[in-house]
Every structure is written in C-alpha cells, then in structure tokens.
Amino acid sequence: MSLRLGDEAPDFTAETTQGTINFHEWLGDSWGVLFSHPKDYTPVCTTELGMAAQLKPEFDKRNVKVIGLSVDPLDSHFGWEKDIEETQGTAVNFPMIADSDRKVSDLYDMIHPNASDTFTVRSVFVIGPDKKVKLTMTYPASTGRNFVELLRVIDSLQLTANYSVATPVNWKDGDDCIIVPAVSNEDAKAKFPAGWNEIKPYLRVTPQPNKV
Ligand code: BEZ
C-alpha cells in the first residue's frame, strides 16, 4: 500500500554516491526530501538535479537534507553527475541512491507499473524530524518538478510545526498566515502577540509569526 501523510517513513540502508547510508540515522534531527528519477542520463532529470543542487543553501537554511534515487547503478550515477555539472553549472551536492534492486523504490511505492514497470515515477517525500511523512507528490516522467514550490511547502510545514499556523491559498513567504482551528482565542493571545484579524471565528489571520 502506498505511503500516506503521517505514516512513518520506512527506514532502509542503501548504496549512494556518498557511501552507504542508513536513512533514519542519516536524517538525524533534520527534515528530509527523498525524490526519485525515472532514469539516469535523461533530459528532464538532468535539469531537476541541477536545480536541486543549486538550491542546496536554501535547503540547508531550513535544516533539510536532500537525497535522490534512481534504479540505475552507482557507476552510472557517477558518470551522469559529470554531465550534470557540465550542463547545469552545479555539481550534485547531495547523495543519489543506486536502487538497482528496487528495494527503496518498492518500500516507497515509486514504481507505478501502469506508467512504467521499469522506471520510477517522479515521487517526492518530505519527512519531518519525527520521521513521519509530511508531504507526498507524484509527477509523471515527462514533467519536471518545481523545486521552488517544494521549498514553499517546506516553509509552510515548518511554520505549522513551530508556530501553529496554516498558510492560505497561494501563500508565499512573508504573507499573512491563518491561526489553526485547534488554537483557542485564549491561547492565541499568548502565541500571537501581534494579534489577529477575525474574519470569521474559524478564519483568523495573523502576520507571519517568524517575521514580526
Ligand atoms: C527525462 O528525465 O527527461 C525523462 C525520463 C523518462 C521519460 C521521459 C523523460
């Protein structure tokens, strides 16, 4: 069965371009992004890996560790990484799992046989420091993912975890947030010293807490 939000992210040990990794141990107290690629030496994947590498400082700022995966072997990953550096202008600066035996792909249900029974789809899992799955995304092989959107979702998840706010439609960093319904007005007084605008009792808007 596929993984659902709130499930524990399955642990595994895998060979990667940065050595053998035990996933939970490697994550430590960090957030994590695990994402799969259909195949090495393919054009869309090449651009995605370049972008993920360019955004490493943004992931670091958010205490997020990034790890990629494809079912190709390590020597193929190493060769492809040279092309990525050459064409995308950034060396791949995070580990890439060589999942030739599909162990991790199967654990995370990354192979969708009706799309392809050989390649993984473009899966993304965001994992919290509690090792629980916080976000899943599945894109087809032909559509590159938006890594800036991924950062936006991570910002939202971290605001919820740290400040008990949710983020409204099309929210971007710095916009007002919504006080989650589980926080009473009484508790909100202490949590949100900048106050809030009560549009409806269930719709309370407050400035982004880590910006005031
Ligand atoms: C790509 O990464 O470019 C790609 C991979 C598999 C199918 C189509 C595109």
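Residues numbered from 1 in each chain as written. Predicted model: local features only at pLDDT ≥ 70, side-chain atom pairs only at ≥ 80, totals over all residues. Heavy atoms only, no water.

A.B. asks: Run through helix α2 (residues 43–54), naming residues and quoting values.
C.D. replies: In this model, α2 (12 residues) spans 17 Å end to end at C-alpha, consistent with the 16 Å of a helix rising 1.5 Å per residue. Listing the buried residues of α2 in full gives Cys45, Thr46, Glu48, Leu49, Gly50, Ala52 and Ala53. Considering only its buried residues, α2 is in contact with β3 (31–36), α3 (56–61), α4 (74–88), β5 (96–98), β6 (122–127) and α6 (147–163). (Helix = DSSP H or I, 4+ residues; strand = E, 2+ residues; numbered from the N terminus. Expected span 1.5 Å × (residues − 1). Buried < 20%, exposed > 50% of the residue type's maximum accessible area, 1.4 Å probe, protein only. Contact = heavy atoms within 4.5 Å.)

A.B. asks: Hey, could you go over the pairing of strand β11 (residues 203–206) for me, with residue numbers and the actual values?
C.D. replies: Here 2 bridges tie strand β9 (residues 177–179) to β11, and the two strands are oriented antiparallel to one another. Looking across to β11, one finds that Ile178 is bridged to Val205. Sheet analysis places strand β10 (residues 197–200) next to β11, joined by 3 bridges and oriented antiparallel. Its bridge partner lying in β11, Asn197 is registered against Val205. Hairpin remark: β10 followed by β11, antiparallel, with 2 residues in the connecting loop. (Pairing = 2+ DSSP bridges.)

A.B. asks: Any details on the packing of α2 against α4? Residues and values, ideally.
C.D. replies: Following both chains from N to C, one finds α2 and α4 inclined at 75 degrees, their axes separated by 9 Å at the closest point. Classed by the angle they form, the pair α2 and α4 counts as roughly perpendicular. Residues Cys45, Thr46, Thr47, Leu49, Gly50 and Gln54 of α2 touch α4, and the partners they reach there are Trp80, Ile84, Thr87 and Gln88. Of the residues belonging to the contact of α2 with α4, the class tally is 4 nonpolar, 6 polar and no charged. (Axes fitted to C-alpha atoms, helices over the stretch in contact; angles between N-to-C directions. Parallel < 35°, antiparallel > 145°, perpendicular 65-115°, else oblique. Nonpolar A, V, L, I, M, F, W, Y, C, P; charged D, E, K, R; others polar.)

A.B. asks: For unusual backbone geometry, give the residues involved together with the corresponding values.
C.D. replies: What you tend to see is this: most non-glycine residues have negative phi, and most peptide bonds are trans. Not every positive phi belongs to a glycine, and Tyr41 is a case in point at roughly 55 degrees. Examined against the element boundaries, Tyr41 turns out to sit in the loop between β3 and α2. Positive phi outside glycine occurs at Asn170, with the angle close to 60 degrees. Of note, Asn170 is situated in the loop between β8 (165–166) and β9.

A.B. asks: Describe the environment of Lys131, listing the residues and the values that go with them.
C.D. replies: Within the fold, Lys131 resides in the loop between β6 and β7 (133–139). Measuring from C-alpha to C-alpha, the distance between Lys131 and Leu27 comes to 8.4 Å, with 104 residues separating the pair along the chain.

A.B. asks: Tell me about the domain arrangement of the protein chain, and please be specific about residues and values.
C.D. replies: Domain annotation for the protein chain reports domain 1 (13–145) and domain 2 (163–211). Each of domain 1 and domain 2 has a C-alpha centre, and the two are 34 Å apart. (Domains from an automatic or database assignment.)

A.B. asks: Account for the environment of Gly89, with residues named and values stated.
C.D. replies: Examined against the element boundaries, Gly89 turns out to sit in the loop between α4 and β5. Considered as a pair, Gly89 and Phe35 are 54 residues apart in the sequence and their alpha carbons are 21 Å apart.

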